[in-house]
Amino acid sequence: MFRYELIGTDGGARRGVFHTPRGPVRTPGFMPVGTLGTVKGLTIDQVAATGADMILGNTYHLRLRPGHETVAALGGLHKMCGWDGPILTDSGGFQVFSLGAINKVTEHAATFRSHIDGAKIELTPEHSIEIQQALGSDVAMVLDHVIALPAPMTQVEDALARSIRWAARCRVAADREDQALFAIVQGGLDRTLRQQCATELAAMSFEGYAVGGLSVGEPPEDMYTTTGFTTPHLPVDKPRYLMGVGTPRDLLENIARGIDLFDCVMPTRNGRNALAFTDEGPLKLRNAVHKLDTRPLMEDCPCLACRHSRGYLRHLFVAGEMLGPILLSHHNLMYYGRLMQATRDAIEAGEFEAFKNAKLAGWGHEPF
Ligand SMILES: CC(C)(C)OC(=O)NCc1c[nH]c2nc(N)[nH]c(=O)c12
Ligand SMILES: [Zn+2]
């Protein structure tokens, strides 16, 4: 049902394919975020046109609205959204700790109040799996205890140990052959904790391994170092997924350290806010400098925005037209999708290092 095929490597970078019942996921690959069953502002066909093989949904959000039973009644997440490719759902671990009015975490569950109607919800590892099975995603994530960094080492260790126990409970509860289960490595920025956690989870059998608890605002170099000493302790024959990451630079630096999959709201959220990703670095399109610029964002980009001038895109944002966020979201996802395609080609050609350095030079120092 699920198999990761390693096609080749170039230094620490891996070229592979993650085979799923709903089709192959080419790696390195980027997953557009479709939190509430929609990649905000784009039709599912426009998302497919960006080259995405797998999209992400969120257990926490869909559990609150419209509810996992409603999604199931509408035929499941694929049918409801009209996406027949692979879907990965996050377990709620991150969202509960970053969105939910968290009351308490016990060994049994993370209990929180809905940010929509204040309803009290008890998210146990078993309930998270139950929701993901009702949504019918192809890849489910274990429920992890995510804590904001920086945090005292005792807290990091306590959350890590609970995350491992919860991962074991998710493994027991997950009984759908057609749904893969990915584990999540936590441990802050600590080498020993990260390696211990990776080793322990690798000894349990999961179809893939995520690195969580990063992209937290720590300096990018600390994230890269942490990824670098974590991935060597993960199975070679399973995909590695760095959650919630990141900028174009983050993607290439982490691919160089053995990461295969990414998800991030950056391209879509920044697209809605008039920031365009290009090979010369990000452009803020509300800036008056673009007012009379007849050039597209990028000459060779096949997206819906690049049929127009920068001046027109600026006008749409200044006028508050809904087309602005739609066009720029499409461009940014196309940019990430084409960056991943070019990366896969560079790894196959054994030219990844030179490719990465050329991209970094073009981007300059992003203000992220
Ligand atoms: C900012 C803090 C440190 C809270 O977490 C992260 O940025 N962590 C990255 C992240 C994104 N999505 C996730 N989903 C889950 N289940 N667990 C995670 O750690 C993450
Ligand atoms: Zn474009």
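Just so you know, these numbers come straight off a predicted model, no measurement behind them. Counting restarts for each chain: residues are numbered from 1 in the order of the written sequence. Naming scheme: in the order in which they are written, chains are lettered from A and ligands are numbered from 1. Where local features are concerned, this predicted model is filtered to residues with pLDDT of at least 70; where side-chain atom pairs are given and counted, the filter is 80 or more; whole-chain, interface and lining totals use all residues. Side-chain calculation: all heavy atoms of the structure are included, whereas hydrogens and water are not.

**Considerations on the pairing of strand β1 (residues 3–10)**
Working step 1: A pair of strands counts as paired when DSSP detects no fewer than two bridges linking them. In DSSP terms, a helix is any run of H or I states spanning at least four residues, a strand is any run of E spanning at least two, and both are numbered starting from the N terminus. Here β1 runs beside strand β2 (residues 13–20); their pairing, made up of seven bridges, is antiparallel. Within the sheet, the bridge partner assigned to Gly-8 lies in β2 and is Arg-15.
Working step 2: The turn joining β1 and β2, which pair antiparallel and follow one another in sequence, is formed by two residues; a positive phi near 65 degrees is taken by Gly-11.

**Thoughts on the site of ligand 1**
Working step 1: Near, as used in this document, describes a residue that has one of its heavy atoms within 4 Å of the molecule or strand being considered. Looking at ligand 1, there are 15 residues lining it, with Asp-90, Asp-144, Gln-186, Gly-213 and Leu-214 nearest.
Working step 2: Here a polar contact is recorded for every N or O atom pair within 3.5 Å, except that within protein the pair must consist of a potential hydrogen donor and a potential acceptor, and residues adjacent in sequence are included only if both atoms are side-chain atoms. A distance of 3.0 Å separates an oxygen atom of ligand 1 from a polar side-chain atom of Gln-186.
Working step 3: Here an oxygen atom of ligand 1 and a backbone polar atom of Gly-213 are 2.8 Å apart.
Working step 4: Only the protein chains shown count as cover for residues, and all accessible areas are computed by the Shrake-Rupley method using a 1.4 Å probe. For ligand 1, whose accessible area on its own is 460 Å², the fraction buried by protein is 91%.
Working step 5: Residues are grouped as follows: Ala, Val, Leu, Ile, Met, Phe, Trp, Tyr, Cys and Pro are nonpolar; Asp, Glu, Lys and Arg are charged; all remaining types, including Gly, are polar. Here the residues of the shell around ligand 1 are counted per class, giving seven nonpolar, six polar and two charged.

**Notes on the coordination of the zinc ion (ligand 2)**
Octahedral metals with six donors have ideal donor angles of 90 or 180 degrees. Tetrahedral metals with four donors have an ideal donor angle of 109.5 degrees.
Working step 1: Distances up to 2.8 Å from the metal define which N, O and S atoms are donors, and 3.2 Å serves for Na, K and Ca; water is absent from the atom set, so sites may look incomplete. Surrounding the zinc ion (ligand 2) are the protein donor atoms Cys-301 (SG), Cys-303 (SG), Cys-306 (SG) and His-331 (ND1), which sit 2.1 to 2.3 Å from the metal.
Working step 2: When four donors show all angles between 85 and 135 degrees the site is tetrahedral, when four or six donors have opposite pairs over 155 degrees and all other angles between 65 and 115 it is square planar or octahedral respectively, and in every other case it is irregular. Here the zinc ion (ligand 2) is ringed by four donor atoms whose angles at the metal span 106 to 113 degrees, and the overall shape comes out tetrahedral.
Working step 3: In the primary structure, the donors to the zinc ion (ligand 2) are separated according to the pattern C-x1-C-x2-C-x24-H. A single burial state applies to Cys-303 and to Cys-306, both of which are buried. To sort residues, take the accessible area from a 1.4 Å probe on protein chains only and compare it with the maximum for the residue type: under 20% means buried, over 50% means exposed, and anything in between is partly exposed.

**A few points about the packing of aromatic side chains**
Working step 1: Two rings from Phe, Tyr or Trp (for Trp, the six-membered ring) form a pair when their centres are within 6.5 Å of each other. A pair whose planes differ by under 30 degrees is stacked, one over 60 is edge-to-face, and the rest are tilted. The final tally for this structure, using the stated rule, is seven aromatic pairs.
Working step 2: Between Phe-277 and Tyr-336, the aromatic rings sit 5.5 Å apart at their centres with planes inclined by 80 degrees, giving edge-to-face as the arrangement. Of this pair, Phe-277 sits in the loop between β15 (275–276) and β16 (283–284) while Tyr-336 sits in helix α13 (residues 323–348), and the two are 59 residues apart along the sequence. Taken as a pair, Phe-277 and Tyr-336 share a single burial class, namely buried.
Working step 3: One aromatic cluster in this structure is built from Phe-2, Phe-18 and Phe-182.

**A word on the packing of helix α10 (residues 248–255) against helix α14 (residues 352–363)**
Working step 1: Orientation is described by axes fitted as lines to C-alpha atoms, over the contacting stretch for helices, and by angles from 0 to 180 degrees between their N-to-C directions. Viewed as axis vectors pointing N to C, α10 and α14 meet at an angle of 160 degrees, and their least axial separation amounts to 11 Å. By the angle class used here, α10 and α14 are roughly antiparallel. Like other packed secondary-structure pairs, α10 and α14 cross with a definite hand, here left-handed. Contact residues: Pro-248, Arg-249, Leu-252, Glu-253 and Ile-255 in α10; Phe-352, Phe-355, Lys-356, Lys-359, Leu-360 and Trp-363 in α14.
Working step 2: Residue classes in the contact of α10 with α14 are distributed as seven nonpolar, no polar and four charged. These descriptions rest on fixed angle ranges, namely under 35 degrees for roughly parallel, over 145 for roughly antiparallel, 65 to 115 for roughly perpendicular, and the rest for oblique. For a crossing to be left-handed, the near helix must be turned anticlockwise from the far one by less than a right angle; the clockwise case is right-handed. Here a residue-residue contact requires only that any non-hydrogen atoms of the pair lie within 4.5 Å.

**Quick look at the environment of Ala-148**
Working step 1: You can see Ala-148 is positioned in the loop between β10 (139–141) and α7 (153–173).
Working step 2: Considered as a pair, Ala-148 and Leu-214 are 66 residues apart in the sequence and their alpha carbons are 9.3 Å apart.

**Focus on the nonpolar core**
Working step 1: Put simply, buried Ala, Val, Leu, Ile, Met, Phe, Trp, Tyr and Cys residues joined by side-chain atoms within 4.5 Å make one nonpolar core. Formed by 109 residues in total, the largest nonpolar core has its most connected members in Leu-88, Leu-201, Phe-206, Tyr-241 and Leu-297.
Working step 2: If you tally residues by element for this core, the top one is α13, at eleven residues.
Working step 3: Beyond its immediate sequence surroundings of up to four residues, Leu-88 is in contact with Met-31, Met-54, Ile-55, Leu-56, Gly-57, Ser-137, Val-139, Met-141, Phe-182 and Tyr-241.

**Let's talk about helix α8 (residues 191–203)**
One full turn of an α-helix is made of 3.6 residues, so residues set three or four places apart face in the same direction.
Working step 1: Multiplying 1.5 Å by the residue count of a helix minus one yields the expected span of that helix. With 13 residues, α8 ought to run about 18 Å at 1.5 Å a step, and its terminal C-alpha atoms sit 18 Å apart, in line with that.
Working step 2: When we look at burial in α8, the residues that qualify are Leu-193, Arg-194, Gln-195, Cys-197, Ala-198 and Leu-201.
Working step 3: Here the buried face of α8 lies against α7, β11 (180–185), β12 (208–211) and α9 (220–230).
Working step 4: Its side-chain oxygen 3.1 Å from the backbone nitrogen of Thr-192, Asp-190 forms the N-cap of α8.

**Looking at the side chain of His-145**
Working step 1: Relative to the elements of secondary structure, His-145 occurs in the loop between β10 and α7.
Working step 2: Residue contacts for His-145: discarding those within four places in its chain leaves Phe-97, Val-105, Ala-159, Arg-162, Ser-163 and Trp-166.

**Some words on the side chain of Thr-268**
Working step 1: Looking at the element boundaries, Thr-268 is found in helix α11 (residues 266–272).
Working step 2: Taking the relative accessible area as the measure of exposure, Thr-268 reaches 4% and is therefore buried.
Working step 3: Contact partners of Thr-268, with chain neighbours within four places excluded, come to Val-39, Ser-329 and Leu-333.

Keep in mind that these numbers describe shape and distance, not what the molecule does.
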